[in-house]
Amino acid sequence: MNTLREADLELEARMSRKLLDVFIRAGLILALTLLCYQIFSPFLSLMVWALILAVTLYPAHQRLASKLGGKQGLAATLLVLGGIVLIVAPTAVLLASMGDSVHNVVASVRDDSVRIPEPPASVAEWPVVGKRVHALWSQAHEDLPSVVRRVQPQIGDLARKALEMVAGIVGTVLLFLASFIIAGIIMAFGESGAASTRRIFGRIVGPLRGGEFVRLSTATIRAVALGVLGVAFVQAIVVGLVMMVAGVPFAGVLAMVVLVLGVAQAPALIVTLPVIAYLWMSGEYGTASAVLYSVLLFVAGMLDNVLKPLLLGRGVDAPMPVILLGALGGLAGAGIEGMFVGATLLALGYQIFMWWVATHPDTLPSERASQAVE
């Protein structure tokens with residue numbers, strides 16, 4: 001009896017030591033994970049965008065590399081330079097021009113050299129706000145400095161919001177610049193990166209499902225990215241056609257600006273709202289035509305909010321509602337970056353759930369095969 005009692009105590013002590021060892025190791029791993037995340041978190045958004053760009057551009061990179069004799073590094077460099085030229089440079093020129101324009105307007109107001117034209121009589125006939133707008137416009141025509149002093153608080157708030165918007169666009173441009181460079185490095189080592197990704201997924205969900213999940217993630221990211229680019233082109237064409245029909249000067253140039261802003265994920269309202277203001281202030285349009293073109297331009301400026309959810313799930317092995325919900329949820333929680341992450345995660349979660357449903361332990365092998373075929 002004593003021997004059995006001593007053996008039980010020894011076994012209990014050994015198990016206690018092993019359990020304590022497991023808890024200590026798990027705690028150390030958790031602490032190391034948290035420290036690594038804390039160190040990596042400032043670069044998380046940058047790396048996510050770099051991965052998105054690398055996955056999206058990798059087919060084009062491979063085609064270019066095949067034409068260059070398999071030179072992966074040279075092909076990645078050319079793609080990075082092309083991305084900088086097509087997105088960063090025009091946006092920087094636009095911002096510089098916008099800054100010069102704002103500076104000139106402020107200087108003109110300070111020097112009292114701005115001359116506001118007399119408002120047309122038709123302005124007073126606008127519904128609801130016509131008389132107030134006409135009175136304020138007339139006062140600005142007669143004595144602009146007094147109007148500026150009267151609405152100075154509102155002008156200050158508007159200027160602050162405009163500066164915040166410009167700063168946000170500048171931050172986005174810089175983020176895209178750094179992301180393009182890192183994406184080029186990732187594409188240059190694309191084969192080894194893809195193999196590592198398959199091994200990671202294989203370690204998580206098993207070797208049989210790992211490759212399938214990699215393909216699903218890649219297809220989802222590319223579908224979302226192409227949906228964004230496609231929407232940018234469609235929106236630029238629609239806005240350009242409306243401005244051409246309305247006879248707005250430089251309609252083609254403004255349409256190209258809308259395209260660049262759409263690719264950079266900046267709102268097209270930056271262009272359409274000033275055009276709407278021009279329609280009402282130029283005096284060349286009647287009330288009915290100005291209202292019609294204003295509505296069309298406003299709808300065209302908001303078109304991306306409707307088209308993006310509709311074009312995000314094409315070519316993905318998951319139902320459209322799954323991609324749509326993932327994209328919208330990610331967009332609401334983390335912006336454009338969350339749109340990619342949300343759609344990918346929800347597509348993977350859907351596939352894992354359906355795989356779990358199809359592999360019921362009480363299902364016969366023949367029934368599993370038929371379900372897999374379906």
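Novice: Any details on the overall build of the protein chain? Residues and values, ideally.
Specialist: Along its length, the protein chain carries 14 helices and zero strands. Among the 374 residues that make up the protein chain, the fraction classed as buried is 32%. Across the protein chain, every contact between residues at least 6 apart in sequence was considered, and the portion connecting residues at least 24 apart equals 61%. Of the roughly 23,100 Å² of accessible surface on the protein chain, 71% is carried by carbon and sulfur atoms.

Novice: With reference to specific residues and values, describe the environment of Gln 72.
Specialist: Position of Gln 72 relative to the elements: it lies in helix H3 (residues 72–110). Classification of Gln 72 as partly exposed rests on a relative accessible area of 25%. When near neighbours in sequence (up to four residues on either side) are disregarded, Gln 72 contacts His 61, Gln 62, Ala 65, Met 187 and Ala 188.

Novice: Hey, could you go over the environment of Val 228 for me, with residue numbers and the actual values?
Specialist: With respect to the helices and strands, the residue Val 228 is situated in helix H8 (residues 207–246). According to the relative accessible area criterion, Val 228 is buried, its value standing at 6%. Placed 80 residues apart in sequence, Val 228 and Lys 308 show a C-alpha to C-alpha distance of 6.3 Å.

Novice: Pulling in residues and values, what's your account of helix H11 (residues 287–301)?
Specialist: An α-helical segment advances 3.6 residues per turn. Residues three or four places apart therefore align on the same side. The terminal C-alpha atoms of H11 lie 21 Å apart, and with 15 residues this matches the ideal 21 Å at 1.5 Å per residue to within 8%. Of the positions making up H11, those classed as buried are Ala 290, Tyr 293, Ser 294, Leu 297, Ala 300 and Gly 301. Buried residues in H11, looked at end-on, bunch into an arc of 130°, giving them a common side.

Novice: So what's going on with the packing of helix H10 (residues 269–281) against H11? Which residues, and what values?
Specialist: At their nearest, the axes of H10 and H11 sit 9 Å apart, and the two run at 175° to each other. When the interaxial angle is binned, H10 and H11 end up roughly antiparallel. Contacts between H10 and H11 involve Leu 269, Thr 272, Leu 273, Val 275, Ile 276, Leu 279 and Trp 280 from the first element and Thr 287, Ala 290, Val 291, Tyr 293, Ser 294, Leu 297, Phe 298 and Gly 301 from the second. Of the residues that constitute the contact of H10 with H11, the class distribution is 11 nonpolar, four polar and no charged.

Novice: Account for the layout of surface pockets, with residues named and values stated.
Specialist: Here the second largest pocket is characterised by a volume of approximately 850 Å³. In this structure, the second largest pocket is lined by 29 residues; those nearest its centre are Leu 51, Val 55, Thr 197, Thr 218 and Ile 221. Elements represented by at least two residues in the lining of the second largest pocket include exactly helix H2 (44–67), helix H6 (152–188), helix H7 (190–205), H8 and helix H13 (320–358). Here the lining of the second largest pocket gets eight residues from one element, more than from any other, and that element is H2. A per-class count over the lining of the second largest pocket returns 21 nonpolar, six polar and two charged.

Novice: Lay out the nonpolar core with the relevant residues and their values.
Specialist: Counting 29 residues, the largest nonpolar core has Ile 52, Met 339 and Phe 340 as the members making the most contacts within it. Residue assignment for this core shows that the elements contributing at least two residues are H2, H3, H6, H7, H8 and H13. Of all hydrophobic cores here, the second largest spans 25 residues; its members include Val 248, Ala 251, Leu 259 and Trp 280.

Novice: Let's hear about a nonpolar patch on the surface: which residues, and what values?
Specialist: A cluster of nonpolar residues, Leu 273, Val 291, Val 295, Phe 298, Val 299 and Met 302, forms a patch on the protein surface that exposes about 480 Å² of accessible area. Among the elements that line the nonpolar patch, the one with the most residues is H11, at four residues. Along the polypeptide, Leu 273 turns up in helix H10. For Leu 273, a relative accessible area of 43% translates into the label partly exposed.

Novice: I'd like to hear about the confidence of the model for the protein chain, residue by residue, with values.
Specialist: Overall, the prediction assigns the protein chain a mean pLDDT of 76, with 71% of residues at 70 or greater. Per-residue pLDDT, averaged within each element of the protein chain, yields its smallest value for helix H14 (residues 365–373) (51) and its largest for H11 (86).

Novice: Please set out the environment of Val 239 residue by residue, giving values where relevant.
Specialist: You can see Val 239 is positioned in helix H8. The sequence separation of Val 239 and Leu 303 amounts to 64 residues, and the corresponding C-alpha distance is 9.4 Å. When near neighbours in sequence (up to four residues on either side) are disregarded, Val 239 contacts Val 258, Thr 272, Leu 297, Ala 300 and Gly 301.

Analysis parameters
Residues numbered from 1 in each chain as written. Predicted model: local features only at pLDDT ≥ 70, side-chain atom pairs only at ≥ 80, totals over all residues. Heavy atoms only, no water. Helix = DSSP H or I, 4+ residues; strand = E, 2+ residues; numbered from the N terminus. Buried < 20%, exposed > 50% of the residue type's maximum accessible area, 1.4 Å probe, protein only. Contact = heavy atoms within 4.5 Å. Areas by Shrake-Rupley, 256 points an atom, 1.4 Å probe, with all protein chains shown as cover. Expected span 1.5 Å × (residues − 1). Arc of directions from axis to C-beta. Axes fitted to C-alpha atoms, helices over the stretch in contact; angles between N-to-C directions. Parallel < 35°, antiparallel > 145°, perpendicular 65-115°, else oblique. Nonpolar A, V, L, I, M, F, W, Y, C, P; charged D, E, K, R; others polar. 1 Å grid on protein atoms, 1.4 Å probe; cavity = no way out; pocket = protein on both sides within 12 Å on 5 of 7 lines; lining within 4 Å. Points joined across faces, edges and corners; volume = space filled by probe spheres on them. Core = buried A, V, L, I, M, F, W, Y, C linked by side-chain atoms within 4.5 Å. Patch = residues over 30% accessible without salt bridge, like charges linked within 9 Å, V, L, I, M, F, W, Y side chains within 5 Å. Salt bridge = Lys/Arg side-chain N within 4 Å of Asp/Glu carboxyl O. pLDDT = per-residue confidence, 0-100.

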